[in-house]
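Each chain, written out:
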Amino acid sequence: TSTGRALLFGGFVEDKKRRATYLDDLHAVQLPASPGATWSKLEPPSRVRGGANPSRPSARAGGLLWAGSDGAAYVFGGAHPRKAAKKGKAAGGGEDSLVILDDLWRARFEESPACESSSQPLIAGTLIAQWERLEVQGQGPGPRTGFCQCAVSSTSPAKRLIFGGVTDVRLSPGDA
């Protein structure tokens, strides 16, 4: 970010039986990392204060995260699993699949003041992420995961060039 933080959003973990759990958490570390620098988990305001979960990106892996010149962070795309309906294998059902995403989110950050009135008081200076889903105008790259990206120029680090990646395209026999 413009304040020197490195950010990490989402991903997945596997248990010993190779079952994946997809994540929707946001973590930050201050750079350059000094000895003893630690990662901190950033929560949306209502989750920190013990309220209901606010609007935020769904759990995902393989998405794009970048810092904007406005101090915000942006998340685009990625994938998360969809459990298949219980159908017979002969009918072509019963297999889990991935949902390829094309949503765009912005996280704005604020330092929280100490909060004495809550049942879960905040520590002054805790960084809070406020998520907002953005509506995109025009033709975008479409749903994809595992893609590459770079800044268009050093003077416009928020403008990204996206290329490659994977999308879920099903081919009929004979199309391959």
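As the structure is a computational prediction, the values presented were derived from the model and not from experiment.

Asker: An account of the sheet that holds strand β5 (residues 73-82) is requested, with residue identities and associated values reported.
Answerer: Within the open sheet, the 4 strands sit side by side as β4-β5-β6-β7. Their pairing is antiparallel. On the outer flanks of this sheet lie β4 (64-67) and β7 (127-134), each paired with one strand and no other. On average, each strand axis in the sheet is tilted by 30° relative to the strand beside it, whichever way the strands run. Pairing of β5 with strand β6 (residues 97-111) involves 9 bridges; the strand directions are antiparallel.

Asker: Help me get a handle on the environment of Asp15, residues and values and all.
Answerer: Mapped onto the elements, Asp15 comes out in the loop between β1 (5-14) and β2 (20-30). For Asp15, a relative accessible area of 32% translates into the label partly exposed.

Asker: How would you summarise the nonpolar core if you had to cite specific residues and measurements?
Answerer: Formed by Leu7, Phe9, Leu26, Ala28, Leu42, Ala73, Val75, Trp105, Ala107, Leu127, Ala129 and Trp131, the largest nonpolar core amounts to 12 residues. Of all the secondary-structure elements, those providing two or more residues to this core are β1, β2, β5, β6 and β7. The leading source of residues in this core is β7, at 3 residues. Ignoring anything within four residues of it in the chain, the contact list for Ala73 reads Leu7, Leu65, Trp66, Ala67, Trp105, Arg106, Ala107 and Phe109. Residues Trp66, Ala72, Leu134 and Phe147 belong to the second largest nonpolar core, which totals 8 residues.

Asker: So what's going on with the sheet that holds β1? Which residues, and what values?
Answerer: Adjacent strands of a sheet pair through backbone hydrogen bonds, lying either parallel or antiparallel. Spatial ordering of the open sheet is given by β1-β2-β3, a layout of 3 strands whose pairing is antiparallel. A strand with exactly one partner marks an edge of an open sheet, and here the two such strands are β1 and β3 (40-42). For this sheet, the mean inter-axis angle between neighbouring strands, taken without regard to orientation, is 45°. Relative to β2, β1 runs antiparallel, the two sharing 9 bridges.

Asker: Now, about the pattern of salt bridges: what can you tell me, with residues and values included?
Answerer: Here the structure, examined in full by the defined rule, presents 5 salt bridges. Glu14 serves as the salt-bridge partner of Arg18, at 3.5 Å between the closest nitrogen and oxygen. Residue classification places Arg18 among the exposed positions, given a relative accessible area of 63%. With a relative accessible area of 42%, Glu14 lands in the partly exposed category. Residues Asp24 and Arg56 are paired through a salt bridge, measuring 3.5 Å at the closest nitrogen-oxygen approach. One end of the pair, Asp24, is in strand β2; the other, Arg56, is in the loop between α1 (45-48) and β4, with 32 residues separating them in the sequence.

Asker: Describe the side chain of Arg106, with residues and values.
Answerer: Along the chain, the position of Arg106 falls in strand β6. Non-local contacts of Arg106, meaning those with residues more than four positions away in its chain, are made with Asp70, Ala72, Ala73, Tyr74, Gln130, Trp131, Glu132 and Leu134.

Cut-offs applied
- Residues numbered from 1 in each chain as written.
- Predicted model: local features only at pLDDT ≥ 70, side-chain atom pairs only at ≥ 80, totals over all residues.
- Heavy atoms only, no water.
- Pairing = 2+ DSSP bridges.
- Helix = DSSP H or I, 4+ residues; strand = E, 2+ residues; numbered from the N terminus.
- Axes fitted to C-alpha atoms, helices over the stretch in contact; angles between N-to-C directions.
- Buried < 20%, exposed > 50% of the residue type's maximum accessible area, 1.4 Å probe, protein only.
- Core = buried A, V, L, I, M, F, W, Y, C linked by side-chain atoms within 4.5 Å.
- Contact = heavy atoms within 4.5 Å.
- Salt bridge = Lys/Arg side-chain N within 4 Å of Asp/Glu carboxyl O.

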